[in-house]
Amino acid sequence: MIRLVLSDDHPVVRAGMRALLEAEPDLSVVGEAASAEEAVALAATPGVDLVLMDLQFPGRLQGVDATRRIRSTPGAPRVLVLTNYDTDADILGAIEAGASGYLLKDAPPGELVAAIRAAASGESALAPAVASRLDASQRSPDQRLTVRESEVLALVAGGSTNREIGQALFLSEATVKSHLVHIFTKLGVGSRTAAVAKARELGAIRAG
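Residues numbered from 1 in each chain as written. Predicted model: local features only at pLDDT ≥ 70, side-chain atom pairs only at ≥ 80, totals over all residues. Heavy atoms only, no water.

Caption draft 1: Looking closely at the overall build of the protein. If you tally the helices and strands in the protein, you get 10 helices and six strands. A compact globule built from 208 residues would reach a C-alpha radius of gyration of about 17 Å, and the protein, at 18 Å, matches this within 12%. For the protein, the spread of C-alpha atoms along the three principal axes comes to 55 × 30 × 30 Å. Looking at the 208 residues of the protein, the share that counts as buried comes to 43%. Within the protein, contacts between residues at least 6 apart in sequence are counted, and of these 61% link residues at least 24 apart. Just so you have it, the protein exposes about 10,000 Å², and 54% of that area is on carbon and sulfur atoms. Of the side chains in the protein, 21 bear a positive and 25 a negative charge, and the two mean positions are spaced by 6 Å. (Helix = DSSP H or I, 4+ residues; strand = E, 2+ residues; numbered from the N terminus. Rg over C-alpha atoms; globule rule 2.2 N^0.38 Å. Buried < 20%, exposed > 50% of the residue type's maximum accessible area, 1.4 Å probe, protein only. Contact = heavy atoms within 4.5 Å. Areas by Shrake-Rupley, 256 points an atom, 1.4 Å probe, with all protein chains shown as cover. Lys, Arg positive; Asp, Glu negative; His and termini not counted. Charge placed at Lys NZ, Arg CZ, Asp CG, Glu CD.)

Caption draft 2: Quick look at the side chain of Ser 35. Relative to the helices and strands, Ser 35 resides in the loop between strand S2 (27-33) and helix H2 (36-43). Within the local environment of Ser 35, its side chain forms a polar contact with the backbone nitrogen of Glu 38, the two atoms lying 3.1 Å apart. (Polar contact = N/O pair within 3.5 Å; in protein donor to acceptor, adjacent residues only side chain to side chain.)

Caption draft 3: Geometry of the nonpolar core. Of all hydrophobic cores here, the largest spans 31 residues; its most connected members are Leu 21, Leu 52, Leu 80, Tyr 102, Leu 112 and Ile 116. Broken down by element, the residue count for this core peaks at six residues, all from helix H5 (residues 109-120). Those residues in contact with Leu 112 that sit more than four places away from it in its chain are Leu 20, Leu 21, Leu 52, Leu 80, Leu 82 and Leu 103. (Core = buried A, V, L, I, M, F, W, Y, C linked by side-chain atoms within 4.5 Å.)

Caption draft 4: Broad picture of the packing of aromatic side chains. Taken as a whole, this structure holds zero aromatic pairs when the rule is applied. Here the guanidinium or amino end of Arg 206 rests over the ring plane of Tyr 85, the centre of that ring lying 3.6 Å away. (Phe/Tyr/Trp six-rings, centres within 6.5 Å; stacked < 30°, edge-to-face > 60°. Lys NZ or Arg CZ within 6 Å of the ring centre and 35° of its normal.)

Caption draft 5: Representation of the environment of Ala 39 in the model. Residue position: Ala 39 is located in helix H2. In this structure Ala 39 comes out as buried when scored by relative accessible area, which is 0%. Considering only alpha carbons, one finds Ala 39 and Asp 65, 26 residues apart in sequence, at a separation of 11 Å. Aside from chain neighbours lying at most four places away, what touches Ala 39 is Ser 7, Ala 33, Met 53 and Ile 70.

Caption draft 6: Representation of the packing of helix H9 (residues 173-187) against helix H10 (residues 192-202) in the model. Between H9 and H10, the shortest axis-to-axis distance is 10 Å and the interhelical angle comes to 55°. As far as their axial angle goes, H10 and H9 are oblique. Read as a crossing pair, H9 and H10 show a hand that is left-handed. Together, Leu 180, Ile 183, Phe 184 and Leu 187 of H9 and Arg 192, Ala 195, Lys 198, Ala 199 and Leu 202 of H10 make up the contact between the two elements. (Axes fitted to C-alpha atoms, helices over the stretch in contact; angles between N-to-C directions. Parallel < 35°, antiparallel > 145°, perpendicular 65-115°, else oblique. Left-handed = near helix turned anticlockwise from the far one by under 90°.)

Caption draft 7: Region of interest: the pairing of strand S1 (residues 2-7). Counting buried positions along S1 yields five of six residues, so the element is predominantly enclosed. Inspection of the sheet shows S1 paired to S2 by six bridges, in the parallel sense. Bridge assignment links Leu 6 to a residue of S2, and that residue is Glu 32. In terms of strand pairing, S1 meets strand S3 (residues 50-53) through four bridges, oriented parallel. Following the sheet pairing, Leu 6 is matched in S3 by Leu 52. (Pairing = 2+ DSSP bridges.)

Caption draft 8: Molecular detail of the sheet that holds strand S4 (residues 78-83). Strand order across the open sheet formed by six strands is S2-S1-S3-S4-S5-S6, with parallel pairing between neighbours. The outermost strands of the open sheet, each flanked by one partner alone, are S2 and strand S6 (125-126). Looking at chain direction, S4 and strand S5 (residues 101-104) are connected through four bridges and run parallel. Directly across from Leu 82, in S5, lies its bridge partner Leu 103. Those strands touched by H2 are S1, S2 and S3, and its axis lies near 135° from that of S2. The sheet strands contacting helix H3 (residues 63-71) are S3 and S4, and the helix crosses S3 at an angle near 170°.

Below you can see the structure in the form of structure tokens.
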């Protein structure tokens, strides 16, 4: 039996996933989390095998941070990301945080169930579209932004100044400027606005 925790801030989504998954003879939902903090706490419950993790939650702690916290503890359950977001920054951030797999919420039910079983057994479980994005980004490393560069550019897109970006990410202004220089060079642009537009076009950061 694979024991699951469902982490999503929408009750209707959790109810739908519970109904789908508990129809499977080898899957059992043992907890639901409406916040990233609750997901971390429930993941520490003895006997949990896998956490299904959304990326976007209200509040400061988000899915990637929760994944990193969960996976940093000995004997931690596996984490499978289930989200609406498919940008390079989201995918790479989740994988680097220790997620065993990454699926989009429009995945067919059978694909989700198969991914849960694969992730719980220690295998990688990437949606085909996600795997294609990773392959594409690896084939064009000159344009691929690091997770930190994506974080900086996402804050630029939100209208933050270099000082505000530094405060949010605990970086000096000089380091923020250095990241921006690297971003401009990789994307072949000369301004903050152009960098945001190009990154959105490439799917490197979220569109909105």
